[in-house]
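Breakdown of the fold
Residue-level listing of the chains:
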Amino acid sequence: MVNEGELKNRRILIKNAEDGTTIADTVILRFNSEANSVMIRADSLPEKRFYNIYAIIFAARSLYEFGGSIRGAVVENEVEVFLGKSKEKESRARIRYPISLTGNIKGVYIDGKEVSLKKGIHIQTVNISASGLLLQADVGCFDIGEVFSLVLRVQEGVLEMQCEVVRIQEVNAPLKEGEDLALREEYGCRIRETRFDPGKGRG
């Protein structure tokens with residue numbers, strides 16, 4: 001069960017369930033445990049109307065994923081986002097959200113212990129879900145089964161993840177114009193642990 005402390009002031013990414021477009025990328029103001037809902041600023045929404053939504057929340061210790069709705073009513077410049085029931089959350093487990101963030105691999109795990117890298121490996125995320133992420137990095141950075149520690153800096157703080165590589169694939173499109181795809185690979189990763197440190201994000 002989530003609680004107010006886990007969700008307040010955390011980032012929430014909200015998608016339209018009908019077409020996958022982003023409705024809002026904002027911060028949670030409050031959590032209502034009785035209604036299983038969160039409040040966001042009304043000006044975060046382009047239109048104040050009813051939506052069926054998917055939402056991913058960057059909580060303190062993990063990423064939460066929900067299927068729910070927005071009814072569009074505005075009260076004191078706030079809108080309520082209904083997060084739905086736990087069965088709905090479970091059914092959304094494989095939905096991935098395109099989120100482009102730069103990050104740094106700060107360490108790798110050998111025999112269960114983290115070994116810090118003197119020079120971090122720079123990566124770019126392609127998409128992310130509650131249980132996994134797809135990232136791009138230089139060819140040969142990882143093998144399947146390797147575990148690493150990833151740091152992502154977002155506006156609200158620092159997101160640190162322990163990830164395991166589960167698949168490797170060719171890059172379908174360049175990150176930047178003129179980039180050589182032969183030097184990049186995509187790594188599908190399972191998220192083992194997540195920790196969020198607020199207040200140290202991008203300025």
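Higher on the page you've got the structure.
Summarised in this report is the structure supplied together with it. (Residues numbered from 1 in each chain as written. Predicted model: local features only at pLDDT ≥ 70, side-chain atom pairs only at ≥ 80, totals over all residues. Heavy atoms only, no water.)

**A look at unusual backbone geometry**
Notably, asparagine 9 is not glycine yet its phi reads approximately 70°, a positive angle. Positive phi, close to 55°, is recorded for aspartate 111, a residue that is not glycine. Tracing the backbone through its elements, the reader meets aspartate 111 in the loop between strand S8 (102-110) and strand S9 (113-128). Residue classification places aspartate 111 among the exposed residues on the basis of a relative accessible area of 79%. (Helix = DSSP H or I, 4+ residues; strand = E, 2+ residues; numbered from the N terminus. Buried < 20%, exposed > 50% of the residue type's maximum accessible area, 1.4 Å probe, protein only.)

**Side note on the side chain of glutamate 78**
Inspection of the secondary structure assignment puts glutamate 78 in strand S7 (residues 78-82). Here the side chain of glutamate 78 touches arginine 30 through a polar contact of 2.7 Å, side chain to side chain. Non-local contacts of glutamate 78, meaning those with residues more than four positions away in its chain, are made with Leu29, Arg30, Met39, Ile40, Ala42 and Ala73. (Polar contact = N/O pair within 3.5 Å; in protein donor to acceptor, adjacent residues only side chain to side chain. Contact = heavy atoms within 4.5 Å.)

**Some thoughts on the pattern of salt bridges**
Considering all chains together, one arrives at 10 salt bridges under this definition. Arginine 41 is the salt-bridge partner of aspartate 43, the closest N and O atoms lying 2.7 Å from each other. A relative accessible area of 39% means that arginine 41 is categorised as partly exposed. Between glutamate 47 and arginine 49 there is a salt bridge whose closest N-O contact spans 3.7 Å. Owing to a relative accessible area of 35%, arginine 49 belongs among the partly exposed residues under this scheme. Members of the salt-bridge network, linked through shared partners, are Lys106, Glu114, Glu160 and Arg195. (Salt bridge = Lys/Arg side-chain N within 4 Å of Asp/Glu carboxyl O.)

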